[in-house]
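Here are the chains, one letter per residue:
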Amino acid sequence: MKNNKALLGFLGGVAAGALLGVLYAPDKGSRTRKKIKRKGADYTEDARNKAADLLDTFTDKYESLKAEGKELIAQGKAKLGK
């Protein structure tokens, strides 16, 4: 979990830096707003992809633990003679 928090912190810092860079760039307001909108969409898509990957990881881990639990229960029943 610490790695995930560090990754989210890093991504947040990158996003803030990119936003500040766009805001201080010598461009027209309309162009700057379009750039911010585009970057926001990019970061949103990246965040969705990371969340989907994280969900897949949790799902895989859950299924693995569930299978191990069923196996342990079967072994316990076999030892008890049930």
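Residues numbered from 1 in each chain as written. Predicted model: local features only at pLDDT ≥ 70, side-chain atom pairs only at ≥ 80, totals over all residues. Heavy atoms only, no water.

Student: Describe the overall build of the chain, with residues and values.
Tutor: For the chain, the count of helices and strands is two helices and zero strands. Here the C-alpha radius of gyration of the chain, 23 Å, is well above what a compact globule of 82 residues would show, namely 12 Å. Principal axes of the C-alpha set define a box for the chain whose edges measure 80 × 20 × 10 Å. A total of 82 residues make up the chain; the buried ones form 2% of that total. Surface summary for the chain: the accessible area is close to 7200 Å², and the carbon and sulfur share equals 61%. A gap of 7 Å separates the mean positions of the 18 positive and 10 negative side-chain charges of the chain. (Helix = DSSP H or I, 4+ residues; strand = E, 2+ residues; numbered from the N terminus. Rg over C-alpha atoms; globule rule 2.2 N^0.38 Å. Buried < 20%, exposed > 50% of the residue type's maximum accessible area, 1.4 Å probe, protein only. Areas by Shrake-Rupley, 256 points an atom, 1.4 Å probe, with all protein chains shown as cover. Lys, Arg positive; Asp, Glu negative; His and termini not counted. Charge placed at Lys NZ, Arg CZ, Asp CG, Glu CD.)

Student: Before we move on, could you go through the layout of surface pockets and cite the residues and values that matter?
Tutor: Each pocket or cavity is described by its volume, and for the largest pocket that value is around 150 Å³. What lines the largest pocket is Asn4, Leu7, Leu8, Ala47, Lys50, Ala51, Asp53 and Leu54. Among the secondary structure elements, those contributing two or more residues to the lining of the largest pocket are helix H1 (2-23) and helix H2 (29-80). With five residues, the single largest contributor to the lining of the largest pocket is H2. A per-class count over the lining of the largest pocket returns five nonpolar, one polar and two charged. (1 Å grid on protein atoms, 1.4 Å probe; cavity = no way out; pocket = protein on both sides within 12 Å on 5 of 7 lines; lining within 4 Å. Points joined across faces, edges and corners; volume = space filled by probe spheres on them. Nonpolar A, V, L, I, M, F, W, Y, C, P; charged D, E, K, R; others polar.)

Student: Any chance you could break down the environment of lysine 39 for me, citing the residues and the numbers?
Tutor: Structurally, lysine 39 can be placed in helix H2. Counting along the chain gives 20 residues from lysine 39 to leucine 19, while the straight-line C-alpha distance between them is 8.0 Å.

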